[in-house]
Amino acid sequence: MLDAWPLPRLIAHRGGGALAPENTLAGIREAARRAYRAVEFDVMLSADGVPVLIHDQVLERTTDGHGRVCDLSFAQLSQLDAGRRFAPRFAGEPIPRFDQALELCHSLGLAANVEIKPAGGTDRDTGRVVAAWAAEFGRDVPIVLSSFSLAALEEVQTTAPDLPRGVLFGDPPLDWLGIVQAAGALSMHCAWTRLRPVDLAAARSAGVALVTYTCNDPREVERLLEAGVSSVITDALDRMPNRGAGDL
Ligand code: G3P
Ligand code: MG
């Protein structure tokens, strides 16, 4: 099963990690510019059901908009500035549509860990739409769809059963393997500080890939990979060893 793991060992978090505005095309370009071969980003639905890249359910932290993402249409969201809050030189950077991010990944030769981030109560709709768009627009991009929402992942399985799925946890519960296997998932994703040696052993014997986030210490990244973690998500794109190769 692990032979089929489609992602490289290092993944840039929210596009360009700490080096560019999160969940933007500028961030994805930054990851590629630094020779990374995969990005993680978050996808949520607009009020009219268009999947867009954004982490928070509200707009204030990362954009010049106000209120909830799920209350604005894509036309409204696309008018917002998602770059200036990070740095003035990114002013005018828009909230990308999911297909735009996938097309950019394809043109840059990047794999994608797409995190499905349903706004409250939209788990099934978000899972279904993200899976359908990933199947249509991400055909040539190695993809893993992950989520904290098991309901969203169930919809992915129904909509695009061949797309690899990962179950996200903060702190994995003791029965995480049963949950991952019941979801038919390829991978378990968790906070790197919460991974226990027993989890590594369980994953290895079950053939489940492990992904840890968000580790910014190069020595810890190396330790995690040596211990058997398949991929590590990082914000510190400029601090990882051998980053010129894009992969440890
Ligand atoms: O996909 C791993 C990681 O991105 C999950 O946490 O809050 O950064 O989306 P968050
Ligand atoms: Mg995420």
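Just so it is clear, the model here is predicted, and its values are computed rather than measured.

A few points about the site of ligand 1
Then, in step 1: In the neighbourhood of ligand 1, the contacting residues comprise H13, R14, E40, D42, H55, E115, K117, L168, Y213 and I233.
Then, in step 2: At 2.8 Å, a side-chain N or O of R14 approaches an oxygen atom of ligand 1.
Then, in step 3: Take D42: an N or O atom from its side chain is 3.2 Å from an oxygen atom of ligand 1.
Then, in step 4: Compared with its free state, where it exposes 290 Å², ligand 1 has 90% of that area covered by protein.

A closer look at the pairing of strand β8 (residues 209–213)
Then, in step 1: Burial analysis of β8 places five of its five residues in the buried class, the great majority of the element.
Then, in step 2: Taking the sense of rotation as the criterion, the β-α-β connection linking strand β7 (residues 187–191), helix α7 (residues 197–206) and β8 turns out right-handed.
Then, in step 3: Sheet analysis places β8 next to strand β9 (residues 231–234), joined by two bridges and oriented parallel. Residue pairing for β9: T212 is matched across the bridge by V232.
Then, in step 4: For the crossover that starts at β8, traverses helix α8 (residues 218–227) and ends in the parallel β9, the hand is right-handed.

Overview of the packing of aromatic side chains
Then, in step 1: Counted under the stated rule, the structure contains three aromatic pairs.
Then, in step 2: Judged by centre distance (6.2 Å) and plane angle (70 degrees), the rings of F41 and F98 are edge-to-face. With F41 in strand β2 (residues 38–45) and F98 in helix α3 (residues 98–108), the pair connects residues that are 57 residues apart, well separated along the chain.
Then, in step 3: With a relative accessible area of 0%, F98 lands in the buried category.

Things to note about the nonpolar core
Then, in step 1: Among the nonpolar cores identified, the biggest contains 53 residues, and I28, F41, F98, V114, L145 and M188 are the most heavily contacted of them.
Then, in step 2: If one sorts the elements of this core by residue count, α3 sits on top with five residues.
Then, in step 3: Dropping the residues within four chain positions of it, F41 is found in contact with R14, N23, I28, L53, F98, A101, L102, C105, A112, N113, V114 and E115.

Observations regarding the packing of helix α1 (residues 25–33) against α3
Then, in step 1: Relative to each other, α1 and α3 sit at 15 degrees, their axes nearing to 10 Å. Our classification of the angle between α1 and α3 gives roughly parallel. When you trace α1 past α3, the crossing you get is right-handed. Residue-level contacts link L25, I28, R29 and A32 of α1 to Q100, A101, L104, C105 and L108 of α3.
Then, in step 2: Considered class by class, the residues forming the contact of α1 with α3 number seven nonpolar, one polar and one charged.

So, the packing of α3 against helix α4 (residues 123–137)
Packed helix pairs are specified by the crossing angle of their axes together with the interaxial distance, meaning the distance between the axes.
Then, in step 1: At their nearest, the axes of α3 and α4 sit 10 Å apart, and the two run at 35 degrees to each other. By crossing handedness, the relation of α3 to α4 is classed as right-handed. Seen from α3, the contacting residues are F98, D99, L102 and E103; seen from α4, they are V130, W133, A134 and F137.
Then, in step 2: Per-class residue counts for the contact of α3 with α4 are six nonpolar, no polar and two charged.

Let's talk about α4
Then, in step 1: Between its first and last C-alpha, α4 extends 21 Å over 15 residues, near the 21 Å set by a 1.5 Å rise per residue.
Then, in step 2: Looking at α4, one finds that the buried residues are T126, G127, V129, V130, A131 and A134.

Let's talk about the coordination of the magnesium ion (ligand 2)
Then, in step 1: Here the magnesium ion (ligand 2) is held by E40 (OE), D42 (OD) and E115 (OE), and the distances to it run 2.0 to 2.2 Å.
Then, in step 2: The motif formed by the donor residues of the magnesium ion (ligand 2), counted along the single chain, is E-x1-D-x72-E. Across the pair, D42 and E40 agree in class, each one buried.

Let's talk about the environment of I11
Then, in step 1: Residue placement: I11 occurs in strand β1 (residues 10–12).
Then, in step 2: Residues I11 and A201, 190 residues apart in the sequence, show an inter-C-alpha distance of 23 Å.
Then, in step 3: Ignoring anything within four residues of it in the chain, the contact list for I11 reads A38, V39, E40, S231, V232, I233 and T234.

A look at α3
Then, in step 1: Taken residue by residue, α3 has F98, D99, A101, L102, L104 and C105 as its buried positions.
Then, in step 2: As for α3, its buried residues are in contact with α1, β2, β3 (51–53), β4 (111–116), α4 and β5 (143–147).
Then, in step 3: A positive backbone phi angle near 75 degrees is found at G109, which sits one or two residues after α3.

Examining the pattern of salt bridges
Any two side chains of opposite charge can pair, so long as their charged atoms come close to each other.
Then, in step 1: According to the stated counting rule, one finds 14 salt bridges in the structure shown.
Then, in step 2: Note that D71 and R68 form a salt bridge whose closest N and O atoms lie 2.9 Å from each other.
Then, in step 3: Linking D217 and R219 is a salt bridge whose minimum nitrogen-to-oxygen distance equals 3.7 Å.
Then, in step 4: Since its relative accessible area comes to 23%, D217 is described here as partly exposed.
Then, in step 5: A cluster of three or more residues bridged by salt bridges with shared partners is formed by R14, E22, D56 and R61.

Cut-offs used in this document
- Residues numbered from 1 in each chain as written.
- Chains lettered and ligands numbered in written order.
- Predicted model: local features only at pLDDT ≥ 70, side-chain atom pairs only at ≥ 80, totals over all residues.
- Heavy atoms only, no water.
- Near = heavy atom within 4 Å.
- Polar contact = N/O pair within 3.5 Å; in protein donor to acceptor, adjacent residues only side chain to side chain.
- Areas by Shrake-Rupley, 256 points an atom, 1.4 Å probe, with all protein chains shown as cover.
- Buried < 20%, exposed > 50% of the residue type's maximum accessible area, 1.4 Å probe, protein only.
- Helix = DSSP H or I, 4+ residues; strand = E, 2+ residues; numbered from the N terminus.
- Right-handed = clockwise from strand over helix to strand, strands pointing away.
- Pairing = 2+ DSSP bridges.
- Phe/Tyr/Trp six-rings, centres within 6.5 Å; stacked < 30°, edge-to-face > 60°.
- Core = buried A, V, L, I, M, F, W, Y, C linked by side-chain atoms within 4.5 Å.
- Contact = heavy atoms within 4.5 Å.
- Axes fitted to C-alpha atoms, helices over the stretch in contact; angles between N-to-C directions.
- Parallel < 35°, antiparallel > 145°, perpendicular 65-115°, else oblique.
- Left-handed = near helix turned anticlockwise from the far one by under 90°.
- Nonpolar A, V, L, I, M, F, W, Y, C, P; charged D, E, K, R; others polar.
- Expected span 1.5 Å × (residues − 1).
- Donors = N, O, S within 2.8 Å, 3.2 Å for Na, K, Ca; no water.
- Salt bridge = Lys/Arg side-chain N within 4 Å of Asp/Glu carboxyl O.

Treat this as a map of the structure, not an account of what it does.
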